Amino acid sequence: MTTILVTGGTGTLGRLVTERLRSDGHEVRVLSRHTQPYAVDLRKGGAGLEAAVAGVDTIVHCATTQTGGDEKAAENLVAAARRAGVGHLVYISIVGVDRVPYPYYRTKFAVEKLIEESGLGWTVLRATQFHDLLVMVFKALAKLPVMLLPARVSDQPVEVAEVAARLAELAAGAPAGRVEDMGGPQIRTFESLARAYLKATGRRRAVVNVPLWGRAYREFRSGGHLAPEHAVGKGTFEQYLAGPRG
């Protein structure tokens, strides 16, 4: 068994990756900004990061933020991993980061390139959106009496536990480069997903599809973020909603 560092190890995905790896018998270190003994802000690096990567065989990089700094965090992590002689860096990315010019996607794609050019052994897995994210979006949209949705946009949500299992499998193996994308079992319109959420939560809202503009919207509308040929996920959105987290 190997020693594996999981960045963002207390987050939605990282926590499940950590649990899976430990259940498989690996020694796992959890790095996050507020969890000892490896409480590290990757955007700043420093001695704490050096200690976290020392003696590690593999890193699973799940840490991310919507507020900026992912590229700097990756630069610091890669540099520390090289100094420590880490053999394998696994990164979770998003389907469509090379096609949809959405700012967060552009950052994820830049991190992919940084990892690919790092000189480390690497593996990159792209997944579609998690069920959890859709629920968070719909919960916010449902605060208004009318639920406004982007017109003619579909999604392919995937169960986060399934992605965690795949990441754990990849972390236990040899560097594989860019592996096949991982998508949820169904491609659904945003409206059908929103109505499923409303039904499951007992909310009554009018649903209105609103045309948007811009290149990012056009790419979302054309399915640049979908993986129809890699619909390998099993859990549906309705099954997620029926569970304890829905």
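Just above sits the structure.
Values in this document were obtained by computation on a predicted structure and should not be read as measured data. (Residues numbered from 1 in each chain as written. Predicted model: local features only at pLDDT ≥ 70, side-chain atom pairs only at ≥ 80, totals over all residues. Heavy atoms only, no water.)

Draft legend 1. Region of the structure containing the overall build of the chain. A tally of regular secondary structure across the chain gives 9 helices and 10 strands. Its C-alpha atoms give the chain a radius of gyration of 19 Å, near enough to 18 Å, the size a compact globule of 246 residues would have. Judged by the C-alpha coordinates and their principal axes, the chain covers about 55 × 35 × 35 Å. Burial statistics for the chain: of 246 residues in total, 51% are counted as buried. When contacts within the chain are restricted to residue pairs at least 6 apart in sequence, long-range pairs at least 24 apart make up 79% of them. Counting 31 positive and 24 negative side-chain charges, the chain places the centres of these two groups 8 Å from one another. (Helix = DSSP H or I, 4+ residues; strand = E, 2+ residues; numbered from the N terminus. Rg over C-alpha atoms; globule rule 2.2 N^0.38 Å. Buried < 20%, exposed > 50% of the residue type's maximum accessible area, 1.4 Å probe, protein only. Contact = heavy atoms within 4.5 Å. Lys, Arg positive; Asp, Glu negative; His and termini not counted. Charge placed at Lys NZ, Arg CZ, Asp CG, Glu CD.)

Draft legend 2. Just helix 3 (residues 70-84), in detail. The first and last C-alpha atoms of helix 3 sit 21 Å apart over 15 residues, in line with the 21 Å expected at 1.5 Å per residue. Within the span of helix 3, buried status applies to Asp70, Ala73, Ala74, Asn76, Leu77, Val78, Ala79, Ala80 and Ala81. On the buried face of helix 3, the contacting elements are strand 1 (3-7), helix 2 (47-53), strand 3 (58-61), strand 4 (88-94) and helix 4 (103-116). (Expected span 1.5 Å × (residues − 1).)

Draft legend 3. Spotlight on the pattern of salt bridges. Tallied over the entire structure, the rule returns 12 salt bridges. Measuring nitrogen to oxygen at the nearest pair gives 3.7 Å for the salt bridge that ties arginine 15 to glutamate 19. Here the residue arginine 15 and the residue glutamate 19 both occupy positions in helix 1 (residues 12-23), the gap between them amounting to 4 residues, near one helical turn. The partly exposed category is assigned to arginine 15, whose relative accessible area is 38%. Residues glutamate 191 and arginine 195 are paired through a salt bridge, measuring 3.0 Å at the closest nitrogen-oxygen approach. Note that glutamate 191 and arginine 195 are positioned in helix 7 (residues 190-201) at a spacing of 4 residues, about one turn of the helix. (Salt bridge = Lys/Arg side-chain N within 4 Å of Asp/Glu carboxyl O.)

Draft legend 4. Just the nonpolar core, in detail. Counting 26 residues, the largest nonpolar core has Tyr105, Phe138, Met147, Leu149, Tyr197, Phe237 and Leu241 as the members making the most contacts within it. If you list the elements that add at least two residues to this core, you get helix 4, helix 5 (131-141), strand 6 (146-150), helix 7, helix 8 (215-221) and helix 9 (237-242). It is helix 7 that provides the largest number of residues to this core, a total of 6 residues. Apart from residues no more than four positions distant in its own chain, methionine 147 is found in contact with Phe138, Leu141, Ala142, Ala194, Tyr197, Leu198, Arg205, Ala206, Val207 and Val208. (Core = buried A, V, L, I, M, F, W, Y, C linked by side-chain atoms within 4.5 Å.)

Draft legend 5. Seen up close, the packing of helix 1 against helix 6 (residues 160-171). The geometry of helix 1 relative to helix 6 is characterised by a closest axis approach of 8 Å and an angle of 50° between their N-to-C directions. Judged on the interaxial angle alone, helix 6 and helix 1 are oblique. Crossing hand, helix 1 versus helix 6: right-handed. For the pair helix 1 and helix 6, the contacting residues are Thr12, Leu13, Leu16, Val17, Arg20 and Leu21 in the first and Val160, Ala161, Val163, Ala164, Ala165, Leu167, Ala168 and Ala171 in the second. Looking at side-chain class alone, the contact of helix 1 with helix 6 contains 12 nonpolar, 1 polar and 1 charged residues. (Axes fitted to C-alpha atoms, helices over the stretch in contact; angles between N-to-C directions. Parallel < 35°, antiparallel > 145°, perpendicular 65-115°, else oblique. Left-handed = near helix turned anticlockwise from the far one by under 90°. Nonpolar A, V, L, I, M, F, W, Y, C, P; charged D, E, K, R; others polar.)

Draft legend 6. Region of the structure containing unusual backbone geometry. Geometrically, the link from glutamine 36 to proline 37 is a cis peptide bond, its omega value of 5° lying close to zero. As for its placement among the helices and strands, proline 37 is situated in the loop between strand 2 (27-31) and helix 2.

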